[in-house]
Amino acid sequence: MKRFTSFRADFTASLVVFLVAVPLCVGVAVASGVPAELGLVTGVVGGLLTGLLPGSSLQVSGPAAGLTVLVFEAVKEYGIGALGALVLAAGALQLAMGALKLGRWFRAISVAVVQGMLAGIGLVLIAGQLYALADAKAPGSGLANLGGMPGLVTATAGSGTALAALAIGIGTIAVLVLWPRWRRAARILPAPLAAVALATVAVWALDLPVARVEVSGLLHAIQPPGLADLGRLTEIGVLGTVLAFALIASAESLFSAAAVDRLHDGPRTEYDKELMAQGAGNAVCGLLGALPMTAVIVRSAANVQAGAKTKASRVLHGVWLLVFAAAFPAALGVVPVAALAGVLVHAGCKLIPLRELRPLWREHRGEAVVLLVTALAIVTVNMFEGVLIGLLMAIAKTAWETSHVHLDIHTPDDEDEPVTVRAVGNATFLRLPKILDQLEALPADREVELDLTGLRHLDHACGTALTNWAEQHRRTRRAVELVS
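Given the structure is predicted, the values throughout are model-derived calculations rather than measurements.

K.L.:
Even after reading the chapter, I still don't get the overall build of the protein, so can you show me in this structure?
P.N.:
Looking only at helices and strands, the protein features 22 helices and seven strands. The principal-axis extent of the C-alpha atoms belonging to the protein is close to 100 × 65 × 50 Å. With the model as given, the accessible surface of the protein reaches about 22,500 Å², and the carbon-plus-sulfur share is 65%. Side chains of the protein carry 36 positive and 35 negative charges; the gap between the two charge centres is 15 Å.

Next up, the structure:
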């Protein structure tokens, strides 16, 4: 009886997750510049394969808005044929990291960097999808998209078709915001599906001349990488993109796992196994030429809130996606692109941690700076280099905060007694200018006793500088005694 009750809960939850996943899978694919069906393929693999593997019991995997910008740039740079090779290599790298027990180390990544990464992705995603709201083509990069906004506004205002598409997109966003407040309806139909369904009905009923999703058929959309595509993995630029896919997908998945674990009382995530499950899923997605996958917090939270008990719910959601993709692909052809853009604009806004930023600025200003720098670097440069800049900022901030050193200076009234200086803390090159300024300010006509026994750490640069200062003081002033 208990097993039947559990299965019934998982069955119901799987339908809810399926309804949430369909518009998101299609929207992420369209925004990434690939056929809509490939988003569903990634969702199917995330359910049927990753859903069966050990790691996390309740989180759901599929194509995520967090990788949309990176995928779009990769497809634009290397072509859609190379996408499978990139995702396959990223999956293999994730498998290797999981086998080497590196999964738990992703929890050591600064939260400010991860939030900054998501905020930067959100900003770039919003900037790109604002063009899709008006059935216009985005210029490309984050800065170019932002710079083209005045032209977009002018072009939209002068076009009836663009205004119709914009109305559909804005209406979709309004439904996404307001639908959850109607709790009875939200329990029956998830907000993303309700918003896209209402937008589709409105376009059909009013016969609006707006762009629809282009459908090529499931089998036609699947394009496994060829030998020439695999051969490009030796290129430096391609390897950088693979590394970005693997690291960002892994970080997002494992941070999602930590968040999902806080939502339920079931088994906790085994991080290394979850990393290998994500790697296996991405390897298969790569072989099918589909989008990369991550664990997705929106679908995972919906799974938990719908009452899922075991991993059966996420596997079943993959079954429903497969049935839909195989039996009803033509249903995608009636969906307006502007509605999917509205879904992604809403998703992009949720990636920006506006509520957390103000208290973070008040309590941990350094973390807030890391978050902002990471986000701006992603917008102005690109995803991979932006994350690297954020990580370097976080390391520099930590190094600065942990390198506190204090000099206790005692100057006796008797001029025949030496001035005693006791250094306490961590003496690193970051604090060297301050240390030397304080030592140079000591009386020129007094002997000095410099006690270093209170230092927990003395790096080579500081040790060398202090020795040189002592030698110079002996030559030009009075004796110096170093105690270490």
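K.L.:
Explanation requested: the packing of aromatic side chains in the structure shown.
P.N.:
Given two aromatic rings, their pairing is described by the distance between the two centres and the angle made by the two planes. Under the criterion given, the structure shown has three aromatic pairs. Residues Phe11 and Trp320 carry aromatic rings whose centres are separated by 5.7 Å and whose planes lie at 85° to one another, so their mutual orientation is edge-to-face. With Phe11 in helix 1 (residues 2-31) and Trp320 in helix 16 (residues 312-327), this residue pair connects regions lying 309 residues apart in the sequence. Taking the relative accessible area as the measure of exposure, Phe11 reaches 35% and is therefore partly exposed. For Trp320, a relative accessible area of 22% gives the class partly exposed. Seen from their ring centres, Phe18 and Phe324 are 6.2 Å apart, and the 65° between their planes marks the pair as edge-to-face. Here Phe18, found in helix 1, pairs with Phe324, found in helix 16; they are 306 residues apart in sequence, far enough to count as distant. Each member of the pair, Phe18 together with Phe324, is buried.

K.L.:
How should unusual backbone geometry be read in this particular structure?
P.N.:
Excluding glycine, most residues fall at negative phi; most peptide bonds, likewise, are trans. Notably, Lys101 is not glycine yet its phi reads approximately 60°, a positive angle. Along the polypeptide, Lys101 turns up in the loop between helix 4 (83-99) and helix 5 (111-133). With a phi angle near 55°, Asp207 is a residue other than glycine that sits in the positive phi range. When you line up the elements, Asp207 lands in the loop between helix 10 (191-206) and helix 11 (218-221).

K.L.:
Even after reading the chapter, I still don't get the state of the cysteines, so can you show me in this structure?
P.N.:
Here, disulfide denotes a covalent bond that connects the sulfur atoms of two cysteines. This model, assessed by the stated rule, comprises zero disulfides. Cys285 takes part in no disulfide bond, and the closest cysteine sulfur, belonging to Cys25, lies 10 Å away. For Cys285, a relative accessible area of 0% translates into the label buried.

K.L.:
What's the story with the pattern of salt bridges in this structure? I'm lost.
P.N.:
Once the charged atoms of two side chains with opposite charge are near each other, the side chains can pair. By the definition in use, this model includes four salt bridges. Residue Lys273 is joined to Glu270 by a salt bridge in which the shortest nitrogen-to-oxygen separation is 3.2 Å. Its relative accessible area of 41% is what places Lys273 among the partly exposed residues. Looking at Glu270, the relative accessible area reads 39%, which means it is partly exposed. Where Arg422 meets Asp451, a salt bridge forms, and the shortest distance between an N and an O atom there is 3.7 Å. Here Asp451 lies in strand 5 (residues 448-451) and Arg422 lies in strand 4 (residues 419-427), a separation of 29 residues in the sequence.

K.L.:
Where do I start with the packing of helix 2 (residues 36-50) against helix 16 in this structure?
P.N.:
How two helices sit against one another is set out by the angle between their axes and by the gap between those axes. Following both chains from N to C, one finds helix 2 and helix 16 inclined at 145°, their axes separated by 7 Å at the closest point. Every pair of crossing elements has a handedness; the one defined by helix 2 and helix 16 is left-handed. Only Arg314, Val315, His317, Gly318, Val319, Leu321, Leu322, Phe324 and Ala325 of helix 16 make contact with helix 2, whose side of the interface consists of Leu40, Gly43, Val44, Gly47, Leu48 and Thr50. In the contact of helix 2 with helix 16, the residues fall into nine nonpolar, five polar and one charged.

K.L.:
Explanation requested: a nonpolar patch on the surface in the structure shown.
P.N.:
On the surface, Phe7, Phe11 and Leu15 cluster together to form a nonpolar patch covering roughly 250 Å² of accessible area. You can see Phe7 is positioned in helix 1. Looking at Phe7, the relative accessible area reads 43%, which means it is partly exposed.

K.L.:
Would you mind going over the pairing of strand 4 with me for this structure?
P.N.:
Every regular strand shows the same layout, with side chains that alternate between the two sheet faces. As judged from the six bridges shared by strand 3 (residues 405-410) and strand 4, these two strands associate in the antiparallel manner. Looking at strand 4, one finds that Asp408 is bridged to Arg422. Taken together, the four bridges between strand 4 and strand 5 define a ladder with parallel strand orientation. Paired with Arg422 across the bridge in strand 5 is Asp451.

K.L.:
Mind showing me how you'd approach a negative patch on the surface here?
P.N.:
Residues Asp413, Asp414, Glu415, Asp416, Glu417 and Asp445 make up a contiguous surface patch of negative charge. Take Asp445: it is sitting in the loop between helix 21 (432-440) and strand 5.

K.L.:
I would appreciate a short explanation of the side chain of Ser56 in the present structure.
P.N.:
Relative to the helices and strands, Ser56 is located in the loop between helix 2 and strand 1 (60-62). Of note is the side chain of Ser56, whose polar atom sits 3.4 Å from the side chain of Thr269. Sequence-distant contacts of Ser56, defined by excluding residues within four places in its chain, comprise Thr269, Glu274 and Arg314.

K.L.:
Hey, could you run me through the nonpolar core in this one?
P.N.:
In a soluble, globular protein the nonpolar side chains are often hidden away together inside. Leu40, Leu83 and Phe245 are the most contacted members of the largest nonpolar core, which has 83 residues in total. Leu407, Val421, Leu452 and Trp469 belong to the second largest nonpolar core, which has 19 residues in total.

K.L.:
Would you mind showing me how to read the environment of Ala9 here?
P.N.:
Relative to the elements of secondary structure, Ala9 occurs in helix 1. Classification of Ala9 as buried rests on a relative accessible area of 18%. Each C-alpha atom, one on Ala9 and one on Pro359, is 38 Å from the other, the two residues being 350 residues apart in sequence. Ignoring anything within four residues of it in the chain, the contact list for Ala9 reads Ala306, Gly307, Ala308 and Lys309.

K.L.:
How do you make sense of the packing of helix 5 against helix 17 (residues 337-351) when you look at a structure like this?
P.N.:
Contact pair helix 5 / helix 17: the axes reach a minimum separation of 8 Å and the direction vectors enclose 160°. When the axes of helix 5 and helix 17 are compared, the pair comes out roughly antiparallel. The way helix 5 lies across helix 17 gives a crossing that is left-handed. Packed against helix 5, whose contacting residues are Leu118, Ala119, Ile121, Gly122, Leu125, Ile126, Gln129, Leu130, Ala132 and Leu133, the element helix 17 presents Val337, Ala338, Ala341, Gly342, Leu344, Val345, Gly348, Cys349 and Leu351 at the interface.

Conventions we followed
Residues numbered from 1 in each chain as written. Predicted model: local features only at pLDDT ≥ 70, side-chain atom pairs only at ≥ 80, totals over all residues. Heavy atoms only, no water. Helix = DSSP H or I, 4+ residues; strand = E, 2+ residues; numbered from the N terminus. Areas by Shrake-Rupley, 256 points an atom, 1.4 Å probe, with all protein chains shown as cover. Lys, Arg positive; Asp, Glu negative; His and termini not counted. Charge placed at Lys NZ, Arg CZ, Asp CG, Glu CD. Phe/Tyr/Trp six-rings, centres within 6.5 Å; stacked < 30°, edge-to-face > 60°. Buried < 20%, exposed > 50% of the residue type's maximum accessible area, 1.4 Å probe, protein only. Disulfide = S-S within 2.5 Å. Salt bridge = Lys/Arg side-chain N within 4 Å of Asp/Glu carboxyl O. Axes fitted to C-alpha atoms, helices over the stretch in contact; angles between N-to-C directions. Left-handed = near helix turned anticlockwise from the far one by under 90°. Contact = heavy atoms within 4.5 Å. Nonpolar A, V, L, I, M, F, W, Y, C, P; charged D, E, K, R; others polar. Patch = residues over 30% accessible without salt bridge, like charges linked within 9 Å, V, L, I, M, F, W, Y side chains within 5 Å. Pairing = 2+ DSSP bridges. Polar contact = N/O pair within 3.5 Å; in protein donor to acceptor, adjacent residues only side chain to side chain. Core = buried A, V, L, I, M, F, W, Y, C linked by side-chain atoms within 4.5 Å. Parallel < 35°, antiparallel > 145°, perpendicular 65-115°, else oblique.

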